[in-house]
Amino acid sequence: MTTEEILKALSNVQEPDLGKDLVTLNMIRDVVISGNDVSFTIVLTTPACPMKDMMQKASVNAIKLLVNKEANVTVNFTSSTSTVRADKSTVLPGVRNIIAVVSGKGGVGKSTVSANLALALAQGGASVGLLDADIYGPSVPIMFGVRGERPMMTQVGEKAMIVPLERFGIKLLSIGLLVDEKNAVVWRGPMASSAIRQFITDVAWGELDYLVIDMPPGTGDIHMTVMQTAPVTGVVVVTTPQDVALADAKKGIAMFGQAQMNVPIIGLVENMSYFTPAELPENKYYIFGKEGGRRLADEYDLPFLGQIPLVQSIREGGDLGMPIMMSDEEITKSAFSEFAGLVARAVSMRNAHMNTEQIAEVVE
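Residues numbered from 1 in each chain as written. Predicted model: local features only at pLDDT ≥ 70, side-chain atom pairs only at ≥ 80, totals over all residues. Heavy atoms only, no water.

Q: Please clarify how the pattern of salt bridges should be interpreted in this entry.
A: Note on pairing: side chains with opposite charge can pair once their charged atoms come close. Throughout the structure, instances matching the rule amount to 7 salt bridges. A salt bridge links E207 to R96; the nearest nitrogen and oxygen atoms lie 3.7 Å apart. Note that E207 is positioned in the loop between α5 (189-201) and β10 (208-214) and R96 in strand β4 (residues 95-102), a separation of 111 residues in sequence. For R96, the salt bridge is made with D209, and the minimal N-O distance between the two is 3.1 Å. Taken together, the residues R96 in strand β4 and D209 in strand β10 connect sequence positions 113 residues apart. Relative accessible area serves as the criterion here: at 25%, R96 is assigned to the partly exposed category. (Salt bridge = Lys/Arg side-chain N within 4 Å of Asp/Glu carboxyl O. Helix = DSSP H or I, 4+ residues; strand = E, 2+ residues; numbered from the N terminus. Buried < 20%, exposed > 50% of the residue type's maximum accessible area, 1.4 Å probe, protein only.)

Q: Quick question: what am I supposed to make of the packing of helix α7 (residues 243-256) against helix α8 (residues 292-299) here?
A: Two quantities define a packed helix pair, namely the angle between the axes and the distance from one axis to the other. Between α7 and α8, the shortest axis-to-axis distance is 11 Å and the interhelical angle comes to 35°. Of the two possible hands of crossing, α7 and α8 adopt the one that is right-handed. Contacts from L246, A249, K250 and I253 in α7 reach G292, G293, L296 and E299 in α8. Grouping the amino acids of the contact of α7 with α8 by side-chain chemistry returns 4 nonpolar, 2 polar and 2 charged. (Axes fitted to C-alpha atoms, helices over the stretch in contact; angles between N-to-C directions. Left-handed = near helix turned anticlockwise from the far one by under 90°. Contact = heavy atoms within 4.5 Å. Nonpolar A, V, L, I, M, F, W, Y, C, P; charged D, E, K, R; others polar.)

Q: For this particular structure, what's the right way to read the side chain of S111?
A: Relative to the helices and strands, S111 is located in helix α3 (residues 110-123). Residue classification places S111 among the buried positions, given a relative accessible area of 12%. The contact partners of S111, leaving out residues within four places of it in the chain, are S139, M143 and D214.

Q: What am I meant to see in α8 here?
A: Since there are 3.6 residues in each turn of an α-helix, residues three or four apart along the chain are aligned in direction. Those residues of α8 lying buried are G292, G293, L296 and A297. Around the axis of α8, the buried residues are gathered within 135° of arc, so they sit on the same side. Exposed side chains of α8 directed beyond 90 degrees from the buried face belong to D298 and E299. Contacts made by the buried residues of α8 are with β11 (234-239), α7, β12 (265-270) and β13 (304-307). (Arc of directions from axis to C-beta.)

Q: How do you make sense of the environment of A278 when you look at a structure like this?
A: You can see A278 is positioned in the loop between β12 and α8. As a C-alpha pair, A278 and I331 span 53 residues in sequence and 9.6 Å in three-dimensional space.

Q: Before we go on, may I ask you to explain the packing of aromatic side chains in this structure?
A: Two aromatic rings are characterised by how far apart their centres lie and by the angle between their planes. Taken as a whole and judged by the stated rule, the model has 3 aromatic pairs. Between F144 and F168 the ring centres are 6.0 Å apart and the planes differ by 40°, which places this aromatic pair in the tilted class. Within this pair, whereas F144 is found in the loop between α4 (140-143) and β6 (152-156), its partner F168 is found in the loop between β8 (165-167) and β9 (170-174), the two being separated by 24 residues in sequence. Overall, the relative accessible area of 24% leaves F168 in the partly exposed class. Measuring from centroid to centroid gives 6.4 Å for F275 and Y285, while their planes differ by 35°, and the two rings are tilted. Of this pair, F275 sits in the loop between β12 and α8 while Y285 sits in the loop between β12 and α8, placing them 10 residues apart in sequence. Under the relative-accessibility criterion, F275 is labelled partly exposed at 28%. (Phe/Tyr/Trp six-rings, centres within 6.5 Å; stacked < 30°, edge-to-face > 60°.)

Q: In this structure, what is going on with the nonpolar core? I would like to understand it.
A: General note: in soluble globular proteins, nonpolar side chains tend to be found buried as a group. Core analysis: the largest hydrophobic core is formed by 85 residues, its most contacted members being F144 and F339. What F144 contacts, discounting residues up to four positions off in sequence, is A115, L119, L130, R167, F168, I170, L172, G321 and P323. In this structure, A9, I28, L44 and V73 belong to the second largest nonpolar core, which totals 20 residues. (Core = buried A, V, L, I, M, F, W, Y, C linked by side-chain atoms within 4.5 Å.)

Q: Can you walk me through the UniProt feature "binding site: ATP" (unreviewed entry) in the chain in this structure?
A: Here, the residues flagged by UniProt with the feature "binding site: ATP" (unreviewed entry) are G104, K105, G106, G107, V108, G109, K110 and S111. One can find G106 in the loop between β4 and α3. Given the relative accessible area of 35%, G106 is considered partly exposed. Within the fold, V108 resides in the loop between β4 and α3. (UniProt positions renumbered as here; feature names shortened; annotations may be inferred.)

Q: What is the right way to read α3 from this model?
A: An ideal rise of 1.5 Å per residue puts 20 Å on 14 residues; α3 measures up with 20 Å between its terminal C-alpha atoms. α3 sits mainly inside the fold: 13 of its 14 residues count as buried. (Expected span 1.5 Å × (residues − 1).)

Q: I tried to follow unusual backbone geometry on my own but got confused; where do I start?
A: Glycine aside, a negative phi is what most residues show, and trans is what most peptide bonds show. With a phi angle near 55°, F168 is a residue other than glycine that sits in the positive phi range. The residue D301 is not glycine, and still its phi comes out positive at about 55°. Locating D301 in the fold gives a position in the loop between α8 and β13. Residue class for D301 comes out exposed when judged on its relative accessible area of 71%.

In structure tokens:
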């Protein structure tokens, strides 16, 4: 066996999302051959790639069929998270991808989705941060069990920067960590926008594969500020199945479809899709209606990113500061893991097909 033969065989293995073979995409590294033993490394576009097993099997089969049927093939994986950020020197310089999680209305579990998306991406091997941009109703301190804690400050060059807290392997920051939770945040739009701008520009996030931003419900000043301040990679829309939530989700979709916005929608996820009691894990009760999110995604030709069930342990974990991704509840963990995998795939595909000149930013 020769390296040339191995690479020729692997040129028949397609990267499922990017539509080209592994060799053309320069994803093969470190080919080592010793007798019938061959090993190499596939460089993934995201640590959280859900297609890893498929590529491994296809690579082994290609070498056995086209090179040597007696070959002992070892496939290793590493990752270099893709990004299309053109200028990483100013705002969030070490962050490769920024994902905003939005909803047209409150009460659809957007913060729960944001928190568990961040954790699922981190469990897939990515470095992740979570920014709670819901100024008026911050949930992250409760959900992560950090109520009462305060972030530290550090000096970066001549600038004082906020240091995010770290919990469950991710970095996190919320306005709820800086104000007394018993006090209402009574701010006019410009003050809220200024605070969010500071959270983006004056925080030492460091090197991150993904920064997940939990946006406030609705469409307004905060959304515009985030899009004008940070080069957002894409948006995840959260809805529940019932018509009233779907009607409001349409407003969120419409906001990012406007001409002055240049922020792609990664896809739509349906939360609280059905109720599953812990004692009857196979049963599904469609309390809020059925398949509403999927129909909405089809209507707007958006990727449908999955259905998250309504289970008691999600609420209990959120209240106790232990998100569901850190529990032993397999049904919902599996749903969130699949959802996070689809988000990571969508981001990689978006990056592969968008030039740096088209980076997502609000057009003034």
